[in-house]
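# Descriptive structure summary
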Amino acid sequence: QVHLVETGGGLVQAGGSLTLSCQASGRTGDIIVMGWFRQAPGKEREFVASISKTGFLKSYADSVADRSTISRDNAKDTLYLQLNIMKPEDTAVYYCAASLLVSRPTPSQKDYDYWGQGTQVTVSS
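Calculation rules
Residues numbered from 1 in each chain as written. Predicted model: local features only at pLDDT ≥ 70, side-chain atom pairs only at ≥ 80, totals over all residues. Heavy atoms only, no water. Helix = DSSP H or I, 4+ residues; strand = E, 2+ residues; numbered from the N terminus. Contact = heavy atoms within 4.5 Å. Core = buried A, V, L, I, M, F, W, Y, C linked by side-chain atoms within 4.5 Å. Buried < 20%, exposed > 50% of the residue type's maximum accessible area, 1.4 Å probe, protein only. Phe/Tyr/Trp six-rings, centres within 6.5 Å; stacked < 30°, edge-to-face > 60°. Lys NZ or Arg CZ within 6 Å of the ring centre and 35° of its normal. Disulfide = S-S within 2.5 Å.

### A look at the environment of Ala 98
Assignment of secondary structure puts Ala 98 in strand β9 (residues 92-99). Taking C-alpha positions, Ala 98 is 6.4 Å from Gly 35, a pair spaced 63 residues apart along the chain. Residues contacting Ala 98, with those up to four places away along its chain left out, are Leu 4, Ile 31, Val 33, Met 34, Tyr 112, Asp 113 and Tyr 114.

### Some remarks on the nonpolar core
Counting 35 residues, the largest nonpolar core has Leu 4, Met 34, Trp 36, Leu 79, Leu 81 and Tyr 94 as its most contacted members. Where this core is concerned, the elements lending two or more residues are β1 (2-7), β3 (18-26), β4 (33-39), β5 (46-51), β8 (78-83), β9 and β11 (119-124).

### Regarding the packing of aromatic side chains
Applying the stated criterion across every chain yields a total of 4 aromatic pairs. A ring pair is formed by Phe 37 and Phe 47, whose centres lie 5.7 Å apart and whose planes are at 70°; its orientation type is edge-to-face. In this pair, Phe 37 is assigned in strand β4 and Phe 47 in strand β5, connecting sequence segments 10 residues apart. On the accessibility criterion, Phe 37 (0% relative accessible area) is buried. A relative accessible area of 13% places Phe 47 in the buried class. Taking the centre distance of 5.2 Å and the plane angle of 80° together, the rings of Phe 37 and Tyr 112 count as edge-to-face. Taken together, the residues Phe 37 in strand β4 and Tyr 112 in the loop between β9 and β10 (114-115) connect sequence positions 75 residues apart. For the pair formed by Phe 37 and Tyr 112, the shared burial category is buried. Among the aromatic side chains, those forming a connected cluster through ring pairs are Phe 37, Phe 47, Tyr 112 and Trp 115. Directly above the ring of Tyr 95 sits Arg 45, whose terminal nitrogen or CZ lies 5.2 Å from the centroid. Lying across the ring of Trp 115, Arg 45 places its NZ or CZ 3.8 Å from the centre.

### Here we look at the state of the cysteines
Inspection of every chain in the model, using the stated rule, returns 1 disulfide. One disulfide bridge connects Cys 22 with Cys 96, the sulfur atoms lying 2.1 Å from each other. On the sign convention where negative is left-handed, the bridge of Cys 22 and Cys 96, at about -70° about the S-S bond, is left-handed. Taken together, the positions of Cys 22 in strand β3 and Cys 96 in strand β9 put the pair 74 residues apart, joining distant regions of the chain.

Function cannot be read off these values alone, since they describe shape.
Listed below in structure tokens is the structure:
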């Protein structure tokens, strides 16, 4: 089992920045790919970013590609997402996810085995 806990959410003004963290525990050595997803009110959960085990490979959604950075510290079992130049449409619950099977970053939710409970991010205009 892998347990994921997201932190760092909150209220931020448009144009501001925020860094989310995801602390993993349990079978962390088995985690390969990790990712961030988000779900806005009334919308389906969507892919934000994904990163390989070494951190060398990264994948981003077009909506955040030019203003976000995903990273991980395997020694601390922690995943990060930095969001810059934030917009009201970034308002959502952000979820951390972990895959024990896939070897490359993936936007597909079905590829992830474990999910966190989410952290709320609200961007005011």
